[in-house]
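This is what each chain is made of:
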Amino acid sequence: MEFMKKYLLIIAALLSLTSCLDNKLDESFKEINEVKRWENIEESYSVYAGEEIVLAPQVVLTIDSLNPELEFEWYVGTELVSTEPTYTFMSNNIGTHNVTFCPIDKKSGMHFNKLIRISVQSQYETGWMVLSEEGNKSILSIVMGKKEKTEDDVEYLNYIGVRKDIYPLHNDGQSLGSGPRKLVEHYVQDDYATIPGEIMVLQQDQPLELHGFSMEKEVFVSDEFLVGAPSNFNVVDATQSASGGYLLNSDGTILYKKNYDLEAYHVGTYSDLPLFDGKKFKSITPSIYPQTPYLLALDEENTLYGIWEKESRPTGDFYYNAELAPFFTEESDVDMSLFQNIEGKVIGSGFHHSDSYVTIINQNGKYLMNNYQTYPSGRRGSRSVEILESRIHEISASMFTDFVDMAVLPYRDYMLIASGNTLYFHEYYRDNFKEGVVKTFDHKITSIAFKDFNPYRHEANAHVAIGLENGDLYIFEIDDNDMTKTTPLFEAHDLGKIVDVIFKYSSWGDVKYGYF
């Protein structure tokens, strides 16, 4: 019996000891330091290359929140860069950088991590590029757009300033040239490409290509010919495709370059022999590759063609990669006289939804809008463009009394028409074909440009830039529900006589998907 009492006492003592240990362990766990909140720090930052950003976060802990005993570590990627409470990030390399702030509790040795994403972009990565003229000199300027995010993590563009005549700043003080005509941005047409688009400057004096981030000259276009540029080389328009480049010469011929390396812009060379045995064209209109595998071309007889590349990737023969594709239809209600030997003057054309275009025709003062959907076809034994549908609508002639420029916005279902000092809109995809005045300016309009956001990806209205003859530039947002309502975003002045304005996307993904 005594033995049993001793045994029970031992068990009770063990149970009591276990209970005490459990309580002590519970107390120890309760005293572990944790992050209560981070202060004076954002989740992400956006800066231009060359800018400094001072990061001075504060961490509030659950224990010793007023006077914590801490050590600090800063990492960029996996590299330890500092052991100070603050860190100055030098934005020298373009891209997104992961910066980790790591305070360490000296009492417990606990490490706490705060990830900060810093996006570094070129000051010329995105925005509005302006080509103008001062005393016959070509002047290139840019309204800089900075990619930022709202508190709800929605990306938007903030226009923060203008830089005039940027070419000499990055090319040893040399002037850009003279006789400005047009700006063309082109890209490596790959959704995941990291190479920035290049800017082609068309001018009477030596058209040239510029690096998309640095604005340094890459090459004179005349130096990209296999055996030298033609003696009558005088480029008035240009466009690019997935695997080639097209130059419209002043004599109406088209000169072609095939890119042998899709991730390098200047591996291929132009042929001095014009395409299609020297056939003459009035205009070329780009599309969005690879959604539409051909360009739109209007020849000197007022007949529309598609210029279709035989391969979407560069292979084989240098001279014969592009093929002229005639239009045809099997639809009884399509009027082919609006595609072949068109009566009147073709004012302009623009690409919108996949395989679809709008063409404006002036027939003795009567202005017709031809909105047509096409399909790339090979049913006739060779490349051709099949017209699936054509919708004709007459537009008010008053919008063309002093016609300057037009722009088709692919995601908005309306186009913009500049006539004199007035900007008009006209719906091309909706049944009621509403039209009206967007804005009137104090001076004559010389150029229209737009940034059309994809509404399926961003809840944003289109941004439009209008260049004026007196050197003023106005950027504003057009209300989707009422095109007569606009919101000013930015304006610049004294840029010279504006010849052309474009929105600079910088990457193929931005163009294809309507990103920022």
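Rules behind the numbers
Residues numbered from 1 in each chain as written. Predicted model: local features only at pLDDT ≥ 70, side-chain atom pairs only at ≥ 80, totals over all residues. Heavy atoms only, no water. Core = buried A, V, L, I, M, F, W, Y, C linked by side-chain atoms within 4.5 Å. Buried < 20%, exposed > 50% of the residue type's maximum accessible area, 1.4 Å probe, protein only. Helix = DSSP H or I, 4+ residues; strand = E, 2+ residues; numbered from the N terminus. Contact = heavy atoms within 4.5 Å. Phe/Tyr/Trp six-rings, centres within 6.5 Å; stacked < 30°, edge-to-face > 60°. Lys NZ or Arg CZ within 6 Å of the ring centre and 35° of its normal. Pairing = 2+ DSSP bridges. Axes fitted to C-alpha atoms, helices over the stretch in contact; angles between N-to-C directions.

## Overview of the nonpolar core
Right, on to step 1. Membership of the largest hydrophobic core comes to 21 residues, with the highest contact counts inside it found for Leu304, Phe327, Phe339, Tyr372 and Ile387.
Right, on to step 2. Elements with a contribution of two residues or more to this core: strand E21 (294–299), strand E22 (304–309), strand E23 (322–328), strand E24 (345–351), strand E25 (356–363), strand E26 (366–377) and strand E27 (384–395).
Right, on to step 3. Considering every element that reaches this core, the biggest residue donor is E21, with three residues.
Right, on to step 4. Leave out the neighbours within four places in its chain, and leucine 304 touches Leu296, Ala297, Leu298, Phe327, Leu338, Phe339, Ile342, Thr359 and Tyr372.

## With respect to the packing of aromatic side chains
Right, on to step 1. On inspection of all chains with the given rule, the structure shows 20 aromatic pairs.
Right, on to step 2. Ring centres of tryptophan 74 and phenylalanine 101 lie 4.6 Å apart, and the angle between their planes is 35 degrees; on these two criteria the pair is classed as tilted. Here tryptophan 74 is found in strand E5 (residues 70–76), whereas its partner phenylalanine 101 is found in strand E8 (residues 95–105), with 27 residues between them in sequence.
Right, on to step 3. Accessibility expressed as a relative area gives 0% for phenylalanine 101, which makes it buried.
Right, on to step 4. Among the aromatic side chains, those forming a connected cluster through ring pairs are Trp38, Phe72, Trp74, Tyr87 and Phe101.
Right, on to step 5. For the cation-ring pair, lysine 439 lies above phenylalanine 476, with the distance from its terminal atom to the ring centre recorded as 5.6 Å.

## Side note on the pairing of E5
Right, on to step 1. Where E5 lies against E8, seven bridges are found, and the strand directions are antiparallel. Bridged to tyrosine 75 within E8 is threonine 100.
Right, on to step 2. Here E5 runs beside strand E6 (residues 79–82); their pairing, made up of three bridges, is antiparallel. Bridging from a neighbouring strand, tryptophan 74 pairs with serine 82 of E6.
Right, on to step 3. Taking the residues that link successive antiparallel strands as the turn, the E5-E6 hairpin has two residues, and the phi of glycine 77 there is positive, at about 65 degrees.

## So, the sheet that holds strand E18 (residues 244–249)
Right, on to step 1. If you walk across this open sheet you meet the three strands as E17-E18-E19, and the pairing is antiparallel. On the outer flanks of this sheet lie strand E17 (235–240) and strand E19 (254–258), each paired with one strand and no other. Mean inter-strand twist for the sheet, computed between neighbouring axes without regard to direction, equals 20 degrees.
Right, on to step 2. Bridge count for E18 against E19 is five bridges, and the pairing is antiparallel. If you follow leucine 248 over to E19, its bridge partner there is isoleucine 254.

## Some remarks on the pairing of strand E36 (residues 497–504)
Right, on to step 1. Of all eight residues making up E36, six are buried, and the element is well covered by its neighbours.
Right, on to step 2. Bridge count between strand E10 (residues 127–134) and E36: seven bridges; the pairing is antiparallel. Bridge assignment links leucine 131 to a residue of E36, and that residue is aspartate 500.

## Quick look at unusual backbone geometry
Right, on to step 1. Although it is not a glycine, asparagine 136 adopts a positive phi angle of roughly 70 degrees.
Right, on to step 2. Inspection of the secondary structure puts asparagine 136 in the loop between E10 and strand E11 (137–149).
Right, on to step 3. Despite not being glycine, aspartate 494 has its phi angle at roughly 60 degrees, a positive value.
Right, on to step 4. Checked against the element boundaries, aspartate 494 lands in the loop between strand E35 (486–492) and E36.
Right, on to step 5. A relative accessible area of 58% places aspartate 494 in the exposed class.

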